[in-house]
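Structure assessment
Residue strings, one per chain:
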Amino acid sequence: VVDNFIRRDTQGFVQDPSHAQLVYSMASKVLCDKNAHELSCKKASSLASFLLLNCRGYVDGYVPLIAQDIVCFRWQQCGYPSKSLRTALLRLSAHCLIYNARVTVDHLHNSNLLAIFFVNFCEAFEVQGYFDEDSPRGHSAIPSKINDKRTAVLGLLAVLKLPYDSLPDYMQKYLTKILQIT
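Cut-offs and rules
Residues numbered from 1 in each chain as written. Predicted model: local features only at pLDDT ≥ 70, side-chain atom pairs only at ≥ 80, totals over all residues. Heavy atoms only, no water. Helix = DSSP H or I, 4+ residues; strand = E, 2+ residues; numbered from the N terminus. Buried < 20%, exposed > 50% of the residue type's maximum accessible area, 1.4 Å probe, protein only. Contact = heavy atoms within 4.5 Å. Polar contact = N/O pair within 3.5 Å; in protein donor to acceptor, adjacent residues only side chain to side chain. Axes fitted to C-alpha atoms, helices over the stretch in contact; angles between N-to-C directions. Parallel < 35°, antiparallel > 145°, perpendicular 65-115°, else oblique. Left-handed = near helix turned anticlockwise from the far one by under 90°. Nonpolar A, V, L, I, M, F, W, Y, C, P; charged D, E, K, R; others polar. Expected span 1.5 Å × (residues − 1). Bend = angle between axes of the 7 residues up to and from the residue. pLDDT = per-residue confidence, 0-100. Phe/Tyr/Trp six-rings, centres within 6.5 Å; stacked < 30°, edge-to-face > 60°. Lys NZ or Arg CZ within 6 Å of the ring centre and 35° of its normal.

Okay, the overall build of the protein next. Scanning the protein from terminus to terminus reveals nine helices and zero strands. N-terminal to C-terminal, the α/β element order of the protein is α-α-α-α-α-α-α-α-α. Scored against the burial criterion, the 182 residues of the protein give a buried share of 45%. The long-range share in the protein, meaning contacts at least 24 apart out of those at least 6 apart in sequence, stands at 71%.

The subject of this paragraph is the side chain of Thr-151. Mapped onto the fold, Thr-151 is located in helix 8 (residues 146–160). Overall, the relative accessible area of 9% leaves Thr-151 in the buried class. In this structure the side chain of Thr-151 is engaged in a polar contact, spanning 2.8 Å, whose partner is the backbone oxygen of Asn-147. Beyond its immediate sequence surroundings of up to four residues, Thr-151 is in contact with Arg-91, Ala-94, His-95 and Ile-98.

Attention now moves to the packing of helix 3 (residues 17–31) against helix 4 (residues 38–54). Two elements in contact, helix 3 and helix 4, have axes whose closest approach is 8 Å; the angle formed by their N-to-C orientations is 150 degrees. Judged by the angle between their axes, helix 3 and helix 4 are roughly antiparallel. Considering only the axes of helix 3 and helix 4, their crossing is left-handed. Within the contact between the two elements, helix 3 uses Ala-20, Val-23, Tyr-24, Met-26, Ala-27, Val-30 and Leu-31 and helix 4 uses Ser-40, Cys-41, Ala-44, Ser-45, Leu-47, Ala-48 and Leu-51. For the contact of helix 3 with helix 4, the per-class residue count stands at twelve nonpolar, two polar and no charged.

Before going further, it helps to examine helix 6 (residues 83–110). Between its first and last C-alpha atoms helix 6 spans 29 Å; for 28 residues at 1.5 Å apiece the expected length is 40 Å, and the helix comes up short by more than 12%. The axis of helix 6 is deflected most strongly, by about 120 degrees, at Asn-100. Positive phi shows up at Asn-112, right after helix 6, with a value of about 60 degrees.

Moving on: the environment of Ser-40. Take Ser-40: it is sitting in helix 4. Taking C-alpha positions, Ser-40 is 9.2 Å from Ala-27, a pair spaced 13 residues apart along the chain.

Our focus in this paragraph is the confidence of the model for the protein. Averaged over all residues, the pLDDT of the protein equals 82, while 85% of them reach at least 70. Ignoring residues within four places in sequence, the model shows residues 127–140, a span with pLDDT below 50, making 17 contacts including any to other chains.

The next point concerns unusual backbone geometry. If you check the backbone angles, Asn-112 has positive phi at about 60 degrees while not being a glycine. Along the polypeptide, Asn-112 turns up in the loop between helix 6 and helix 7 (114–122). Since its relative accessible area comes to 72%, Asn-112 is described here as exposed.

Right, let's get into the packing of helix 6 against helix 7. In contact at an axis separation of 12 Å, helix 6 and helix 7 are set at 150 degrees when each is read in the N-to-C sense. On the basis of their axis angle, the class for helix 6 and helix 7 is roughly antiparallel. As for how helix 6 packs across helix 7, the hand of that crossing is left-handed. For the pair helix 6 and helix 7, the contacting residues are Leu-90, Ser-93, Ala-94, Leu-97, Thr-104, Val-105, Leu-108 and His-109 in the first and Leu-114, Phe-117 and Phe-121 in the second.

Here the focus is the packing of aromatic side chains. The full count for this structure, using the stated rule, is one aromatic pair. With a centroid separation of 5.5 Å and 40 degrees between ring planes, the pair formed by Tyr-24 and Tyr-62 is classed as tilted. With Tyr-24 in helix 3 and Tyr-62 in helix 5 (residues 62–77), this residue pair connects regions lying 38 residues apart in the sequence. Across from the ring centre of Tyr-99, 4.8 Å away, lies the NZ or CZ of Arg-56, which sits over that ring.

Written as structure tokens, this is what we have:
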């Protein structure tokens, strides 16, 4: 219901800034809860994505919050999620980068969370067998749906548009590695 309101009446939605705050708060509350059901987490991730995709220019301040509080917390605190939740988080990560890669990268770097965000995001570009066989990440790192693959590529392209010298050293090394294996 909320996603339809955001998509069909974006101007009405953004007229009241508290609407965006409520959507962010709902998504954050679910995704930051270690005990939240996986289906609820996927729905919350989609809701945050709707906010970013449909309210361009109106929710700039939420990009770093979503990247930091939601994506990093979920990956950092809750272990390694299932493939479907990992895909939803990948999609949300890509949407943060597509919305504003510079703000996302800078904020995560300043918060010392860039490594966990970027490693998990870049798993979408890893080839099968790249990780050790004992790794739980193994063969299912690449999203299976074409739209998710496209979204991940668009997120990576948003990062690649940034001046290479302005990226933190860690990202420069990782991007070089990703581009060599793809």
